[in-house]
Amino acid sequence: MDYSKFFSADVPSFLRSPVREIFRKVDLSAICSFAGGYPAAVTFPTDQIPSLTAKVLEKYGTKPLQYGATQGVPELREVIARRYGVPVSQVQITTSSQQGIDVCSRVFLDPGDAVLADNPVYLGALQSFKAYRAEVLPIRHSETGSPAKFIYVIPDFNNPSGKTMTLKEREEVVRIARELDILIVEDSPYRELRYSGEPVKTIRELAPERTLQLGSFSKIFAPGFRLGWIIGPEELLEQIYVCKQCLDLCPPVLDQYMAAEFMGSGALDANLEKTIAEYRRRRDLMVSLLEKYMPAGVSWTYPEGGLFLWLTLPEGVDTVAMYDEALSCGVAYVAGSFFYTDGSHRNTMRLNFSFVDEAKMEPGIQLLSSVIRKSLEIR
Ligand SMILES: Cc1ncc(COP(=O)(O)O)c(C=O)c1O
């Protein structure tokens, strides 16, 4: 049967994530994976989950098992509002920040519109923008030809590049948005994972009138909860709220009460402190191993936080072509070109340093280095 006639006109624009495809094919526990953006399982507060569950059921009765408000339960919105110094009315809970990106795309984009974004760009965002048939253009693209609706940026510890925008760069984003009179979507899932350097003002703080700031519990609590939030102007959140009604009625309610309790009691900050120390060690270990094993001509970013660093190999090395060889040797990465809308920069790759155990990191980097050396020889 020919099923293709049943699909909507949007379907041909859906992109498959190469990262998710890797996970479909490979048993992550059997190899050394620097590919995904998974947090380290040791950072999950596993031992606290049973008492946290019992506590919210005791405190709120059957409420955590019932449907909840589309905006999110008031207890969680209040805790988030307090933490970030905004009114509760400016907080919408989302079923993860990926949904935050998607709901913004759904509310603001028409086919043919443009989103101005970092290049390289987070794959999940690219998938969402493309699914609504929007064009993705570099931020400094002056004549877009198509109306730009918003700027999408990850100012802190970018996925995939690991870079952090300076205050000047953030002010420039705000200047462009004001000049074009468009919105800014500030995707901020890593901001609280800082290992060195000083925090820079958020874009929301610089331009609260036109910024939707996306937050997430995935990297500061556990991604299995699928919880995030949007902070933004009430008029914009009102439309997002209506849109979210048809997506999932409400975010997961038990999860929200648990997150509210975890964040509100101070347990999240205590756990975050341990997480930061763990990731700082892993980042420093990866950087020292790259220094030790990588051949001359390979360079990398030094991220002040987040989960990724970005490798640039000598011109002519093709990380897409090299990938099967790496996998057969037992090491995985994500080719950098997947994060470019035009598939360029085939001599780059993204490495994650949060997921792999410290003990596995040295053999993993050694393997990667030997695969790179081999492809330098046959170049
Ligand atoms: C920049 C960025 N935004 C959003 C997400 C989605 O996170 P989640 O949906 O788990 O909150 C990720 C996940 O890795 C990410 O890197």
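The preceding data block contains the structure.
So, a few notes on the structure that sits alongside this text. Quick caveat, the model's predicted, so the values are computed rather than measured.

### Remarks on the nonpolar core
So, step 1. Formed by 94 residues in total, the largest nonpolar core has its most connected members in Val115, Ile184, Ala259, Tyr333 and Leu351.
So, step 2. It is helix α9 (residues 253-264) that provides the largest number of residues to this core, a total of seven residues.
So, step 3. When residues of this core are assigned to domains, at least three fall in each of domain 1 (4-44 + 269-377) and domain 2 (65-266).
So, step 4. Apart from residues lying up to four places away in sequence, Tyr333 is in contact with Phe34, Ala35, Ala326, Met349, Arg350, Leu351 and Leu368.

### Concerning the environment of Glu235
So, step 1. Summarising the element assignment, Glu235 is placed in helix α8 (residues 234-248).
So, step 2. Overall, the presence of 7 C-beta atoms within 10 Å leaves Glu235 in the exposed class.
So, step 3. A sequence separation of 145 residues divides Glu235 from Gln90, and the C-alpha atoms of the two residues are 9.2 Å apart.

### Concerning the sheet that holds strand β6 (residues 183-187)
So, step 1. Ordered by their spatial adjacency, seven strands build an open sheet running β2-β8-β7-β6-β5-β3-β4, and the pairing between neighbours is mixed. The open sheet has two edge strands with one neighbour each: β2 (91-94) and β4 (135-138). Strand-to-strand twist across the sheet, computed as the mean angle between neighbouring axes with direction ignored, equals 25°.
So, step 2. Across four bridges, the pairing between strand β7 (residues 211-216) and strand β8 (residues 228-231) is antiparallel. Each bridged residue has a counterpart across the sheet, and for Gln213 the counterpart in β8 is Ile231.

### Topic: the environment of Ile182
So, step 1. Along the chain, Ile182 falls in the loop between α6 (167-180) and β6.
So, step 2. For the pair formed by Ile182 and Phe150, sequence separation is 32 residues and the distance between their alpha carbons is 5.3 Å.
So, step 3. Contacts of Ile182, omitting those with residues within four sequence positions, involve Ala148, Lys149, Phe150, Ile151 and Ala177.

### Here's the deal with the packing of helix α4 (residues 97-108) against α8
So, step 1. In the contact formed by α4 and α8, the axes pass within 10 Å of each other and the chain directions differ by 110°. With respect to each other, α4 and α8 are oriented roughly perpendicular. Crossing hand, α4 versus α8: right-handed. Side by side, α4 and α8 meet where Gln99, Val103, Arg106 and Val107 of the first sit next to Gln239, Ile240, Cys243, Lys244 and Leu247 of the second.

### Some words on unusual backbone geometry
So, step 1. In this chain, Asn119 is followed by Pro120 through a cis amide linkage whose omega measures 5°.
So, step 2. Counting through the fold element by element, Pro120 comes out in the loop between β3 (114-117) and α5 (123-131).
So, step 3. For the bond from Asn159 to Pro160, the omega torsion is 20°, close enough to zero to count as cis.
So, step 4. The phi angle at Arg133 is positive, at roughly 60°, despite the residue not being glycine.
So, step 5. With respect to the helices, strands and loops of the structure, Arg133 is situated in the loop between α5 and β4.
So, step 6. Positive phi outside glycine occurs at Asp181, with the angle close to 55°.

### Some thoughts on the environment of Met286
So, step 1. Looking at where Met286 falls in the secondary structure, it is placed in helix α10 (residues 267-293).
So, step 2. Among the residues examined, Met286 registers 24 C-beta atoms within 10 Å and is labelled buried.
So, step 3. Distance in space between the C-alpha atoms of Met286 and Thr348 is 17 Å, their sequence separation being 62 residues.

### Quick word on the pairing of strand β10 (residues 308-312)
So, step 1. Most of β10 is tucked away, with four of its five residues classed as buried.
So, step 2. Across two bridges, strand β9 (residues 299-300) lies against β10 in antiparallel orientation. Across the sheet, the residue bridging to Trp300 is Leu311, located in β10.

About the criteria used
- Along each chain, the written sequence defines residue order, and numbers are assigned to residues from 1.
- Residues qualify for local features only when their pLDDT is at least 70, as the model is predicted, and side-chain atom pairs are given and counted only at 80 or more; totals for whole chains, interfaces and linings, by contrast, use all residues.
- To count as a nonpolar core, a set of buried Ala, Val, Leu, Ile, Met, Phe, Trp, Tyr and Cys residues must be joined through C-beta atoms within 7 Å.
- Each residue is classed by its C-beta neighbour count within 10 Å, where at least 20 other C-beta atoms makes it buried, 12 or fewer makes it exposed, and intermediate counts make it partly exposed; the C-beta atoms are placed from backbone geometry.
- For the purposes of this entry, the term helix denotes a DSSP run of H or I that reaches at least four residues, the term strand denotes a run of E that reaches at least two, and both are numbered from the N terminus.
- For every domain, the bounds stem from an assignment made automatically or drawn from a database.
- Each residue gets a C-beta atom placed from its backbone, and two residues are in contact if those atoms lie within 7 Å.
- Pairs of strands are assigned from DSSP output, requiring at least two bridges between the strands.
- Angular values range over 0 to 180 degrees, each being the angle between N-to-C directions of two axes fitted as lines to C-alpha atoms, with helices fitted over their stretch in contact.
- An angle below 35 degrees is read as roughly parallel, one above 145 as roughly antiparallel, one from 65 to 115 as roughly perpendicular, and any other as oblique.
- Put simply, a crossing is left-handed when the front helix is turned counterclockwise from the back one by less than a right angle, and right-handed when it is turned clockwise.

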